[in-house]
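Listed below are the residues making up each chain.
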Amino acid sequence: MNTLPAADALVRRDLSRLWHPCTQMHDHQTVPMVPIARGEGAWLVGTDGRRYLDGISSWWTNLFGHANPRIAAALAEQARTLEHVIFAGFTHEPAVALAEELVRVTPPGLERVFYADNGSAAIEVALKMSFHYWLNQGHGEKTRFIALTGSYHGETLGALSVSDVALYRKTYAPLLLTPILAPSPDAYEAEPGESAAAVAQRRLGQLRVLLERHAHEVCAVIVEPLVQCAGGMRMYHPDYLAGLRALCDEFAVHFIADEIAVGFGRTGTLFACEQAGVSPDFMCLSKGLTGGFLPLSAVLTTTQVYDAFYAEYSAGKAFLHSHSYTGNPLACRVALETLAIFRDEPVLERNRELAAHLARRLDALRDHPHVADVRQTGMIAAVELVADKHRRTPFPASDRRGLRVYLHGLTQGALLRPLGDVIYFMPPYVITTQEIDRLVDTAIEGIGRAIAG
Ligand SMILES: *Cc1c(COP(=O)(O)O)cnc(C)c1O
């Protein structure tokens, strides 16, 4: 199986009508479009019967396998009972039970749940809620946000505004709010001999300076706890989150934790914030929330925030953000089943073993002449491919070496989808150690091909 999948009728129909996300459609003159018929466990099965091991959990959403029978059964039952109902003035068991469960499992102090239907929408909600909280408190002068360099919070205009990945932001910059960028605590940027914890302290010092200057006009600091995923799986020390919590309290600004990618066990704990022992003022959840089945997101916040909106109608303090599918019963039911799996099975313990196995297998790459860094946080691991290991000079982006790894993966039945030249592993939790071996072997071969010539 050393060829790429051939275009079939489905692909021809697709390419004549569809426009895909995150894609220069012209690439499909040479890059195959992969038609998938079904999924099972960690595998995707093509219409031609080819199988692909899903090393990236289908854009970081899947936790317990494709077409997971337990989640599928819950979904089918809910579909026969109540598919949807307006969520203003009406409520239903799955939405209430999910809110109760989310409050129970997230860090203490997060006691109110607001639903939206995708990650970017959750970010919009958190940004608006934070701004509106300060407005309701008589601080309408707070209109800005602090974000980290290299951050990614989604691609709707508000979420993109607080993102700093040029690929997504640059073109649309004229349409966006201007955030205040604080330098990321990314440990890859350490000075020679500097520990990750020391980078975190240095970056907290720089954040303090920004807050001293800008806190009066700032609503919130928004971060991706522990791993900046779309920005290249850049990882940082939990001390940064503890320091951030203290600074936000000291300067009266909110702390928004975007756990859309890192929540639900990805980093080794159920939520990444747990590793610093902190509770944010807002926590945004999506992706793994439904085990990868349906779009749903939730913003959790504190009673203090909620109370600032609770007033006579005439006071005009109500929060306004509505989506037609808010609190969709199918999505909520599926999320409840996903959380039930966390309760019923030793997911985090199993993940620790899988993560340790992945770490052992990736160790071999540390001495590779074109690998500048091998890093891992729980069930996220990344390999930084560079032209010059010692200077850490990247390959020219136009080489598209990561794309070669992707294409090699497809010929070998593996879905690896590098972010530029960062080859990463973010598999579903149902992957086996043998399947991890297969992914890593394929990645190593792919890296060999990518750096040749
Ligand atoms: C994916 C992602 C988002 C956006 O979620 P969508 O559902 O794709 O809009 C926001 N923040 C982070 C950290 C993400 O990884």
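Residues numbered from 1 in each chain as written. Predicted model: local features only at pLDDT ≥ 70, side-chain atom pairs only at ≥ 80, totals over all residues. Heavy atoms only, no water.

1. Re the pattern of salt bridges
Move 1: Summed over all chains, the structure comprises 26 salt bridges.
Move 2: Between E40 and R51 there is a salt bridge whose closest N-O contact spans 2.8 Å. In this pair, E40 is assigned in strand β1 (residues 36–40) and R51 in strand β3 (residues 51–54), connecting sequence segments 11 residues apart.
Move 3: Here E40 falls in the partly exposed class, since its relative accessible area comes to 34%.
Move 4: In this structure, R391 and D388 form a salt bridge, with 3.1 Å as the shortest nitrogen-oxygen distance.
Move 5: Classification of R391 by relative accessible area gives exposed; the value is 68%.
Move 6: Connected through salt bridges with shared partners, the residues D186, R234, D373, R375 and E384 form a single ionic network. (Salt bridge = Lys/Arg side-chain N within 4 Å of Asp/Glu carboxyl O. Helix = DSSP H or I, 4+ residues; strand = E, 2+ residues; numbered from the N terminus. Buried < 20%, exposed > 50% of the residue type's maximum accessible area, 1.4 Å probe, protein only.)

2. Some thoughts on helix α5 (residues 119–136)
Move 1: Between its first and last C-alpha atoms α5 spans 25 Å; for 18 residues at 1.5 Å apiece the expected length is 26 Å, and the two agree.
Move 2: With 15 of 18 residues buried, α5 is to be regarded as a mostly interior element.
Move 3: Near the N-terminus of α5, the side chain that reaches the backbone nitrogen of S120, with its oxygen 3.0 Å away, is that of N118.
Move 4: Within two residues after α5, G138 carries a phi angle of roughly 85°, on the positive side. (Expected span 1.5 Å × (residues − 1). Polar contact = N/O pair within 3.5 Å; in protein donor to acceptor, adjacent residues only side chain to side chain.)

3. Re the site of the ligand
Move 1: Residues in close proximity to the ligand include W60, N118, G119, S120, Y152, H153, G154, E224, D258, I260, A261 and K287, which together make up its full environment.
Move 2: Backbone polar atom of G119 to an oxygen atom of the ligand: 2.8 Å apart, as the coordinates give it.
Move 3: The contact in question runs from an oxygen atom of the ligand to an N or O atom on the side chain of K287, over 2.6 Å.
Move 4: For the ligand, whose unbound accessible area comes to 380 Å², protein coverage reaches 83%.
Move 5: Its residues assigned to classes, the shell around the ligand comprises 4 nonpolar, 5 polar and 3 charged. (Near = heavy atom within 4 Å. Areas by Shrake-Rupley, 256 points an atom, 1.4 Å probe, with all protein chains shown as cover. Nonpolar A, V, L, I, M, F, W, Y, C, P; charged D, E, K, R; others polar.)

4. What about the pairing of β3?
When a strand is regular, its side chains alternate between the sheet's two faces.
Move 1: Both strand β2 (residues 43–46) and β3 contribute to a ladder of 3 bridges, which runs antiparallel. Within the sheet, the bridge partner assigned to L44 lies in β3 and is Y52.
Move 2: Hairpin remark: β2 followed by β3, antiparallel, with 4 residues in the connecting loop; positive phi at G49, about 90°.
Move 3: Taken together, the 2 bridges between β3 and strand β15 (residues 414–415) define a ladder with parallel strand orientation. Bridging from a neighbouring strand, L53 pairs with A414 of β15. (Pairing = 2+ DSSP bridges.)

5. Notes on the domain arrangement of the chain
Move 1: According to the domain assignment, the chain contains domain 1 (4–67 + 347–452) and domain 2 (72–344).
Move 2: Centre-to-centre, using C-alpha coordinates, domain 1 lies 27 Å away from domain 2.
Move 3: Counting residues at the interface gives 33 residues for domain 1 and 28 residues for domain 2.
Move 4: The junction of domain 1 with domain 2 conceals about 2500 Å² of combined surface from both sides, 65% of it contributed by carbon and sulfur atoms.
Move 5: The largest contributions to the domain 1 side of the interface with domain 2 come from W60, T377 and I380, which together make up 23% of the buried area.
Move 6: At the boundary of domain 1 with domain 2, the tally comes to 1 salt bridge.
Move 7: Between E384 and R234 there is a salt bridge, with the nearest N and O atoms lying 3.3 Å from each other.
Move 8: Elements that contribute at least two residues to the side of domain 1 that touches domain 2 include exactly α2 (57–60), α12 (347–363), β13 (371–377), β14 (380–385) and β16 (422–425).
Move 9: The element that contributes the greatest number of residues to the side of domain 1 that touches domain 2 is β13, accounting for 5 residues.
Move 10: Here the residues of the side of domain 1 that touches domain 2 are counted per class, giving 20 nonpolar, 8 polar and 5 charged. (Domains from an automatic or database assignment. Contact = heavy atoms within 4.5 Å. Buried area = accessible area lost by both parts, 1.4 Å probe.)

6. Quick word on a nonpolar patch on the surface
Move 1: On the surface, L157, Y172 and L175 cluster together into a nonpolar patch covering about 320 Å² of accessible area.
Move 2: Within the secondary structure, L157 is located in helix α6 (residues 157–161). (Patch = residues over 30% accessible without salt bridge, like charges linked within 9 Å, V, L, I, M, F, W, Y side chains within 5 Å.)

7. Some remarks on the sheet that holds β2
Move 1: With mixed pairing, 4 strands are arranged side by side in an open sheet as β1-β2-β3-β15. Each edge of the sheet is formed by a strand with only one pairing partner; in this case those strands are β1 and β15.
Move 2: In this fold helix α14 (residues 433–451) packs onto β2, β3 and β15, with an angle of close to 95° to the strand it touches most, β3. (Axes fitted to C-alpha atoms, helices over the stretch in contact; angles between N-to-C directions.)

8. Brief notes about the environment of E77
Move 1: Structurally, E77 can be placed in helix α3 (residues 69–81).
Move 2: For E77, a relative accessible area of 47% translates into the label partly exposed.
Move 3: Sequence-wise, E77 and L330 are 253 residues apart; in three dimensions their C-alpha atoms are separated by 9.1 Å.

9. Re α3
Move 1: In this model α3 runs 18 Å from its N-terminal to its C-terminal C-alpha over 13 residues, within 8% of the 18 Å that 1.5 Å per residue would give.
Move 2: Those residues of α3 that sit buried are I71, A74 and Q78. Each buried residue of α3 sits inside an arc of 60° when the element is viewed along its axis, so together they form one side. Residues of α3 that are exposed and point more than 90 degrees away from the buried face comprise P69 and R80.
Move 3: If you follow the buried residues of α3, they end up packed against α4 (93–105) and α11 (329–344). (Arc of directions from axis to C-beta.)

10. Observations regarding unusual backbone geometry
Move 1: With phi around 60°, W59 is a residue other than glycine that occupies positive phi space.
Move 2: Exposure remark for W59: the relative accessible area of 38% places this residue in the partly exposed category.
Move 3: In the Ramachandran plot, R400 falls in the positive-phi region, its phi being about 50° despite a non-glycine side chain.
Move 4: Counting through the fold element by element, R400 comes out in the loop between β14 and α13 (401–411).
Move 5: Given a relative accessible area of 39%, R400 falls into the partly exposed group.

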